[in-house]
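# Descriptive analysis of the structure
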Amino acid sequence: MASVGTALRELRGAQKSAKGVSLYSRFVNRPAGRYLAAGSYVLGLTPNQVTLVSAAFSFAAVAAVALVAPSWGLGVAVWAALAVGFAFDSADGQLARLRGGGSAAGEWLDHVVDCAKLTALHTCVLIAFHRFPEAYGIDGDGWLLVPLGFQFASVVTFFGGLLTEKLKPKPAPGSPAAAPSTLRAVALLPVDYGVFCLVFLLLGGGKTFVWAYAGLGAVAALFLAAFLTKWFRELSAVRR
């Protein structure tokens, strides 16, 4: 069995393109996932098992948001669990490439877990707003629309991006990968899932968390409009 060091060296040459990836995913989440993938490889885990580990961390955090009264300690725990879950989400694909390639079933499982995670997280924020309105400084039911709107923007962006990648023509084998844009990587930070997870560090801040969460939701809605316009234009030139 290969060592962690050997696995890490092999993984450095088996990374996906950084095009369209934010700075957080490129310099924080993917490197963390690389170490987790190497460790998982040495332990003999399969990519699907790593996906399930990611789901366990993520859904434990999601459930805590809905069930536990907000506090600073809860915020740190929720952020940590979400961040670790996101790193394992990167590790499953890296592990699959290290093992020689993944399967259609593994890719399906990965995307289903991602979609369920997004849907459940915003749903549980809505539940938390309803259960603990005083702790969050919420004085009306109108605030319950914020998680619903954020959920809508997140899920449509996720589905739209995934479908666009499936419908766009694949580049010819051997064609050079486009160089990643630093400006684009910075611009994508507000809608990076890892950056979004940071807002839960404010869970103990009451209305501060609510406003920060609502602000990110507004940004997600703006990006959704921009993404849909861009994707529709790109696919309008594709003939099937």
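A brief look at the structure comes next. Computed from a predicted model, the values in this text were never measured in an experiment. (Residues numbered from 1 in each chain as written. Predicted model: local features only at pLDDT ≥ 70, side-chain atom pairs only at ≥ 80, totals over all residues. Heavy atoms only, no water.)

## A word on the nonpolar core
- In this structure, V78, F129, Y136, F196, F200 and F209 are the most contacted members of the largest nonpolar core, which totals 38 residues.
- Among the secondary structure elements, those contributing two or more residues to this core are α3 (47–67), α4 (72–98), α5 (104–131), α7 (145–167), α9 (193–197) and α10 (207–236).
- In this view, F209 contacts F129, Y136, V199, F200, L202 and L203; residues no more than four positions away in its chain are not counted.
- Formed by nine residues, the second largest nonpolar core is a distinct cluster that contains L8, A38, V50 and F88. (Core = buried A, V, L, I, M, F, W, Y, C linked by side-chain atoms within 4.5 Å. Buried < 20%, exposed > 50% of the residue type's maximum accessible area, 1.4 Å probe, protein only. Helix = DSSP H or I, 4+ residues; strand = E, 2+ residues; numbered from the N terminus. Contact = heavy atoms within 4.5 Å.)

## Overview of the environment of A128
- Relative to the helices and strands, A128 is located in helix α5.
- Taking relative accessible area as the criterion, A128 reaches 1% and is therefore assigned buried.
- Between the alpha carbons of A128 and V65 there is a distance of 6.4 Å; along the sequence they are 63 residues apart.
- Setting aside residues no more than four positions away along its own chain, A128 makes contact with V65 and Y136.

## Description of helix α2 (residues 23–43)
- Between the first and last C-alpha of α2 there are 29 Å, a value that for 21 residues agrees with the 30 Å anticipated at 1.5 Å per step.
- The axis of α2 is deflected most strongly, by about 35 degrees, at N29, and proline P31 appears within four residues downstream.
- Among all positions of α2, only Y24, S25, N29, R30, G33, R34, A37, A38 and S40 are buried.
- Where α2 begins, one side-chain oxygen reaches toward the backbone nitrogen of Y24, 3.3 Å away; that side chain belongs to S22.
- Positive backbone phi, at 85 degrees, marks G44, one or two positions downstream of α2. (Expected span 1.5 Å × (residues − 1). Bend = angle between axes of the 7 residues up to and from the residue. Polar contact = N/O pair within 3.5 Å; in protein donor to acceptor, adjacent residues only side chain to side chain.)

## Structural notes on the packing of α3 against α5
- Viewed as axis vectors pointing N to C, α3 and α5 meet at an angle of 10 degrees, and their least axial separation amounts to 8 Å. Accordingly, the angle class assigned to the pair α3 and α5 is roughly parallel.
- When the residues that make up the contact of α3 with α5 are grouped by side-chain class, the tally is 15 nonpolar, four polar and three charged. (Axes fitted to C-alpha atoms, helices over the stretch in contact; angles between N-to-C directions. Parallel < 35°, antiparallel > 145°, perpendicular 65-115°, else oblique. Nonpolar A, V, L, I, M, F, W, Y, C, P; charged D, E, K, R; others polar.)

## Looking at the environment of C124
- Following the sequence through the fold, C124 ends up in helix α5.
- Separated by 61 residues in the primary sequence, C124 and A63 have C-alpha atoms spaced 7.0 Å apart.
- With residues up to four places along the chain from it excluded, the contact list for C124 reads V62, V65 and A66.

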